[in-house]
Amino acid sequence: MDITKFTLIETIRGLKEKQFSQEELKNAYLSRINTLNPKLNIFLVIKKNNTGIPAGIKDVILTKGIKTTAGSKILSNYIPPYNATAVEKLLNQGISIIGKTNCDEFAMGGSGENSAYQPTKNPWDLTKVTGGSSSGSAACVAADLAVFALGSDTGGSIRQPSSLCGVIGLKPTYGRVSRYGLIAMASSLDQIGPITKSVEDAALVLEWISGPDLYDSNCPNEKFTMQPSRLKAGIKGLKIGIPKEYFGKGLDSKVKEVVERAIKKLEELGGKIVEVSLPNSKYALAAYYIIVSSEVSSNMARFDGIRFGSNRGNFGAEVKRRIMLGTFALSAGFWDEYYSKAAKVRTLIKQDFEKAFEKADVIVGPVSPTTAWDLGDKVGDPLKMYLADIYTISANLAGIPGLSVPCGFSEGLPVGLQILGKEWNEGIVLKVGYAYEQATKRQLKKPDLKF
Ligand code: GLN
């Protein structure tokens, strides 16, 4: 029995039924981390003295007394004096932090290569990127170096690396999980969420970390709950919307095939396929990068060497690029043409979804236009890198939830299926993900890490 292969639900059960002890659980994970972390570069900090169920926490999420760098040299010595609300809630459930996971600097990136501490390698193929920015969080779940992980998603950073690493990733509705203690990238888009080995695990972790928080006024009063019977109710008669804009030029033909097969499966399971349209999708990328950069330029101002951080020369190239772009987009004379226009496009995108959800219960499509690409392939070309975000950013602009579920392979690399829902409708999204997962058992396939 290899207990590092267990899902969260199985781990909880195993501990309760005394199949193994806390000590054995910890040692099993630590010994795996010992051999694999030097090769994969997943954890920036490893915590050896822990009892509880081991989870990886993305390094943009504050952990009291544990170094938190946000993947940046500017915070290389930062030890937070408090826990993020989401972390505090996990600790209350008997979860322990086994390590802080590598990520793109301040969560800006889509491959993990913007980390100041070297990129994380994809467990399915060490020459490939993991996706980003939650690179270490997705890889630690794929490689069984943690039972589950927390990531953050501003434009796809939970879903995209989950897709490229073959694990489950959930971006909750904006406001579902408190942002208190999440180092801000773009405050109107950021959201913390779970990366897990099963859909049921994602529902459980969301239950734990969601709910009201006096420190984040975007969080509503009721918390997310999901009865197992509702999760497992099946999808008969559910309307599955397919946006034609997500299947056009730019989508790799093999990825397309895998995703279309997954949609067929949903139909076999009783889903009703309906075509929907998201006509303003073509403006999403431009609007997103203006809004993100504008908010980044404001949020990065606190790292001035006085309040936080050291020398501003310690910022990496991507962070500097966004500070400059954002400062420009917000400056007098240009604000109207850039930021204000992008904000209007954002409203149109939100309205597209509202219309589409009149016809469909969920919207389904690819997460990423390609599978994991070669390390180094896009680092010299930011626009090429930004294009990889094409299917994920709209959910952040609209504030809606999105799930990535493994749905097959193309040339040995995982492909993810994206399931989007209405605001506060994580329940339906998870139900569809669960039905698909149970019917296909994709999660049983693991990368071969015997090297
Ligand atoms: N790849 C996107 C970007 O670079 C998303 C980042 C994120 O979600 N944190 O902005």
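Structure: see above.
The structure contained in this document is the topic of the report that follows. Being a predicted model, the structure only gives us computed values, none of them experimental.

## A word on the site of the ligand
Then step 1. As a structural note, the neighbourhood of the ligand is formed by 15 residues, with Thr-154, Gly-155, Ser-157, Tyr-288 and Arg-322 the closest of them.
Then step 2. Residue Gly-156 places a main-chain N or O atom 3.3 Å away from an oxygen atom belonging to the ligand.
Then step 3. Taking 290 Å² as the accessible area of the ligand by itself, protein coverage stands at 98%.
Then step 4. Taken together, the residues that form the shell around the ligand break down as 5 nonpolar, 7 polar and 3 charged.

## Considering the pairing of strand S9 (residues 362-366)
Then step 1. For S9, a buried count of 5 out of 5 residues is recorded, marking the element as mostly surrounded by other parts of the structure.
Then step 2. Relative to S9, strand S7 (residues 239-243) runs parallel, the two sharing 2 bridges. Residue pairing in the sheet places Gly-241 in a bridge with Ile-363 of S9.
Then step 3. Two strands pair when backbone bridges link them, and S9 and strand S11 (residues 413-420) are joined in this way by 4 bridges, in the antiparallel orientation.

## Side note on the sheet that holds strand S1 (residues 43-46)
Then step 1. Spatially, 11 strands are ordered S1-S3-S2-S4-S6-S5-S10-S11-S9-S7-S8 in an open sheet, and the strand pairing comes out mixed. The open sheet has two edge strands, S1 and strand S8 (272-276), and neither has a second partner. For this sheet, the mean angle separating the axes of adjacent strands, direction not counted, is 30 degrees.
Then step 2. Where S1 meets strand S3 (residues 95-101), 3 bridges bridge the pair, whose relative direction is antiparallel. Bridged to Phe-43 within S3 is Thr-101.
Then step 3. Helix H2 (residues 22-40) rests against S1, strand S2 (53-58) and S3 of the sheet, and its axis sits at about 140 degrees to S1.
Then step 4. Helix H3 (residues 85-92) rests against S2, S3, strand S4 (148-152) and strand S6 (192-196) of the sheet, and its axis sits at about 140 degrees to S3.

## Quick word on the environment of Thr-35
Then step 1. Mapped onto the elements, Thr-35 comes out in helix H2.
Then step 2. Of note is the side chain of Thr-35, whose polar atom sits 3.1 Å from the backbone oxygen of Arg-32.

## Things to note about the pattern of salt bridges
Then step 1. Applying the stated rule across the entire model yields 18 salt bridges.
Then step 2. In this structure, the salt-bridge partner of Lys-446 is Asp-144, at a minimum N-O distance of 2.9 Å. One end of the pair, Lys-446, is in the segment after helix H14 (426-440); the other, Asp-144, is in the loop between helix H4 (135-142) and S4, and 302 residues separate them in sequence.
Then step 3. Ionic pairing is found between Lys-254 and Glu-411, a salt bridge with its closest N-O pair at 2.9 Å. Placement of Lys-254 in helix H8 (residues 253-268) and of Glu-411 in the loop between strand S10 (402-410) and S11 is noted, with a sequence separation of 157 residues between them.

## Here we look at the packing of aromatic side chains
Then step 1. Scanning the model with the defined rule gives 17 aromatic pairs in all.
Then step 2. Relative to Tyr-338, the ring of Phe-328 lies with its centre 5.5 Å away and its plane at 55 degrees, an arrangement referred to as tilted. Here Tyr-338 lies in the loop between helix H10 (317-330) and helix H11 (339-359) and Phe-328 lies in helix H10, a separation of 10 residues in the sequence.
Then step 3. Given a relative accessible area of 36%, Phe-328 falls into the partly exposed group.
Then step 4. Residue Tyr-338 is classed as partly exposed on the basis of its relative accessible area, which comes to 30%.
Then step 5. Relative to Phe-357, the ring of Phe-353 has its centre 6.2 Å away and its plane inclined at 20 degrees; by these criteria the two rings are stacked.

Rules of the game
Residues numbered from 1 in each chain as written. Predicted model: local features only at pLDDT ≥ 70, side-chain atom pairs only at ≥ 80, totals over all residues. Heavy atoms only, no water. Near = heavy atom within 4 Å. Polar contact = N/O pair within 3.5 Å; in protein donor to acceptor, adjacent residues only side chain to side chain. Areas by Shrake-Rupley, 256 points an atom, 1.4 Å probe, with all protein chains shown as cover. Nonpolar A, V, L, I, M, F, W, Y, C, P; charged D, E, K, R; others polar. Buried < 20%, exposed > 50% of the residue type's maximum accessible area, 1.4 Å probe, protein only. Helix = DSSP H or I, 4+ residues; strand = E, 2+ residues; numbered from the N terminus. Pairing = 2+ DSSP bridges. Axes fitted to C-alpha atoms, helices over the stretch in contact; angles between N-to-C directions. Contact = heavy atoms within 4.5 Å. Salt bridge = Lys/Arg side-chain N within 4 Å of Asp/Glu carboxyl O. Phe/Tyr/Trp six-rings, centres within 6.5 Å; stacked < 30°, edge-to-face > 60°.

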